[in-house]
Amino acid sequence: MTSFRQLVFSGVQPTGNLHLGNYLGAITKFVALQDSHDCIYCVVDLHAITVPQDPAQLRQSIREVTAAFLACGIDPKKHIVFNQSQVPEHAELAWVFNCVARLGWLNRMTQFKEKAGKDRENASVGLYAYPALMAADILVYRATHVPVGEDQKQHLELARDIAQKFNNDFAASIASEGFGEAFFPQPEPLIQGPATRVMSLRDGTKKMSKSDPSDYSRINLSDDADAIAQKVRKAKTDAEPLPSEEAGLKDRPEADNLVGIFAALSDQSKADVLRDFGGGQFSAFKSALVDLSVTKLGPIGAEMKRLVHDHAYIDSVLADGSERARLQACETMKAVKSILGFVQH
Ligand code: AQP
């Protein structure tokens, strides 16, 4: 068995306001993993253009996501923070993976079906091929661990399938180039905790999302205390009091979602939260959730606002990160080209 250096990679799209779902599902995990692993965190701007983007807005969003990473506690000196478009090897490896992945695999991707909607003929080719680029993002660093929200699980499985097929298809060449039995690792998704899929505050059956037209559906990391309080107070609930045990959250998606958010923000389990609030009305629970959310998110929002105006600093973080990421990505691509049989000069 080939052994791989443990390395964490993950990305966030600069497609609008980062929200509580991105924070609890992904960014808190990014921060926690820094103590135990080498980490590479990417603002995936090439993914953003799979749907139309306004260039000025995109530029702003790239800086905002970077500011959010830093404000949440990611250390860009100890680890790597950069934007995807500045390391062209991502797109280069994605092309190789387009030739490894099978049409049937991509046809099964539920996110493409959801995002393309009914007008599938009009969706971009990039939106369809998105999972092959995501596999390249991870594997161009031969990363072994990928913290993501539940919605990315299927894409991660596809990345594993692509890695496996590449390793099988080119097994002889991989061995003769001196890479042993496998060139790419099987990247493992890290999807744990009570908030791996945070739902909309307006509809507990829909994922909290940047692209939801209603701002009341999500808590943005940039929201101030008043906005957070209003959104939590207006969050949809049902008429029953909170249950005392987790089983009682079944078929109550809005209650389940708010309890999951409370649990994740306070670093407890849902059972712990229900021990304190079970049997009570939503009004008291929501007041406690407002206090908790403001305490946890307020300082992050304030720091993001401060950082995002400092273009020189944000851009220097991205430039430094891109340079360091590129060194690693180039090394992988050189090996991939040898394995494929390309003549290199
Ligand atoms: N609601 C969510 N709950 C838990 N995790 C979530 N993530 C996104 N939404 C939730 C996780 O956040 C990371 C970055 O996601 P992304 O911005 O790259 O793309 P996305 O999953 O498509 O996020 P959105 O908000 O739904 O964006 P739009 O509306 O632009 O499509 C990922 O790890 C993701 O799992």
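Bear in mind that the values here come from a model prediction, so they are computed numbers and not experimental data.

Asks: Can you help me understand helix α4 (residues 89-100) in this one?
Replies: Note that an α-helix has 3.6 residues per turn; residues three or four places apart therefore point the same way. Between its first and last C-alpha, α4 extends 16 Å over 12 residues, near the 16 Å set by a 1.5 Å rise per residue. Here α4 has its buried residues at Glu89, His90, Leu93, Ala94, Val96, Phe97 and Val100. Seen end-on, α4 carries its buried residues on one side only, within an arc spanning 160 degrees. Taken together, the buried residues of α4 touch β1 (7-12), β2 (38-43), β3 (80-83), α7 (125-139), α8 (153-169) and α14 (311-340).

Asks: How do you make sense of the site of the ligand when you look at a structure like this?
Replies: Taken together, 22 residues surround the ligand, and among them Lys115, Asp151, Ser209, Lys210 and Ser211 come closest. Gln13 places a polar main-chain atom, nitrogen or oxygen, 3.1 Å from an oxygen atom of the ligand. In this structure, an oxygen atom belonging to the ligand sits 2.6 Å away from a side-chain N or O atom of Lys115. Protein coverage of the free-state accessible area of the ligand, which is 650 Å², stands at 96%. Going through the elements one at a time, β1 and α1 (20-33) are the ones with two or more residues in the shell around the ligand. Among the elements that take part in the shell around the ligand, α1 stands out by supplying four residues, more than any other. By residue class, the composition of the shell around the ligand is five nonpolar, 12 polar and five charged.

Asks: How do you make sense of the nonpolar core when you look at a structure like this?
Replies: One broad trend across soluble globular proteins is that nonpolar side chains are buried collectively. Grouped together as the largest cluster of nonpolar side chains are 61 residues, with contacts concentrated most on Leu20, Tyr23, Phe69 and Phe285. Residues lining this core come from more than one domain, with at least three contributed by each of domain 1 (7-196 + 310-340) and domain 2 (215-306). Ranked by size, the runner-up nonpolar core spans 49 residues in total, among them Leu7, Leu93, Met109 and Ala325.

Asks: In this structure, what is going on with the domain arrangement of the chain? I would like to understand it.
Replies: One widely used convention gives an interface's size as the accessible area the parts lose upon coming together. Its domain assignment divides the chain into domain 1 (7-196 + 310-340) and domain 2 (215-306). Measuring from the centre of the C-alpha atoms in domain 1 to the corresponding centre in domain 2 gives 30 Å. Taken together, the 14 residues of domain 1 in the interface contact 17 residues of domain 2. Both faces considered, domain 1 and domain 2 share a buried interface measuring about 1,300 Å² in area, 75% of it formed by carbon and sulfur atoms. Our count for the contact surface shared by domain 1 and domain 2 stands at zero salt bridges. For the pair domain 1 and domain 2, the number of links is two residue pairs in polar contact (both at pLDDT 80 or more). Ranked by residue count, the leading element in the side of domain 1 that touches domain 2 is helix α3 (residues 55-72), at five residues.

Asks: Mind showing me how you'd approach unusual backbone geometry here?
Replies: Most peptide bonds take the trans configuration, and most residues that are not glycine carry a negative phi. Positive phi is not limited to glycine here, since Arg142 has a value of about 50 degrees. Considering the arrangement of structural elements, one finds Arg142 in the loop between α7 and β4 (145-147). Residue Asp267 is not a glycine yet carries a positive backbone phi of 60 degrees. Mapped onto the fold, Asp267 is located in the loop between α11 (253-266) and α12 (270-277).

Asks: Help me understand the side chain of Asp223, please; the structure alone is not making it clear to me.
Replies: Relative to the helices and strands, Asp223 is located in the loop between β5 (188-190) and α10 (225-234). Of the polar contacts made by the side chain of Asp223, one reaches the backbone nitrogen of Asn220; its length is 2.9 Å. Not counting chain neighbours up to four residues away, the residues in contact with Asp223 comprise Arg218, Ile228 and Lys231.

Asks: Looking at this structure, I do not really get the pairing of β3. What am I missing?
Replies: It is a general feature of regular strands that their side chains alternate between the two faces of the sheet. Of the two faces of β3, both are covered, the one formed by Ile80 and Phe82 as well as the one formed by Val81 and Asn83. Bridge analysis of β2 against β3 gives four bridges, and the strand direction is parallel. Looking across to β3, one finds that Ile40 is bridged to Ile80.

Asks: Just to check I follow, could you spell out the side chain of Glu254 for this structure?
Replies: Here Glu254 is to be found in helix α11. For Glu254, the side chain forms a polar contact with the side chain of Lys236, separated by 3.5 Å. With residues up to four places along the chain from it excluded, the contact list for Glu254 reads Asp203, Gly204, Lys236 and Thr237.

Parameters at a glance
Residues numbered from 1 in each chain as written. Predicted model: local features only at pLDDT ≥ 70, side-chain atom pairs only at ≥ 80, totals over all residues. Heavy atoms only, no water. Helix = DSSP H or I, 4+ residues; strand = E, 2+ residues; numbered from the N terminus. Expected span 1.5 Å × (residues − 1). Buried < 20%, exposed > 50% of the residue type's maximum accessible area, 1.4 Å probe, protein only. Arc of directions from axis to C-beta. Contact = heavy atoms within 4.5 Å. Near = heavy atom within 4 Å. Polar contact = N/O pair within 3.5 Å; in protein donor to acceptor, adjacent residues only side chain to side chain. Areas by Shrake-Rupley, 256 points an atom, 1.4 Å probe, with all protein chains shown as cover. Nonpolar A, V, L, I, M, F, W, Y, C, P; charged D, E, K, R; others polar. Core = buried A, V, L, I, M, F, W, Y, C linked by side-chain atoms within 4.5 Å. Domains from an automatic or database assignment. Buried area = accessible area lost by both parts, 1.4 Å probe. Salt bridge = Lys/Arg side-chain N within 4 Å of Asp/Glu carboxyl O. Pairing = 2+ DSSP bridges.

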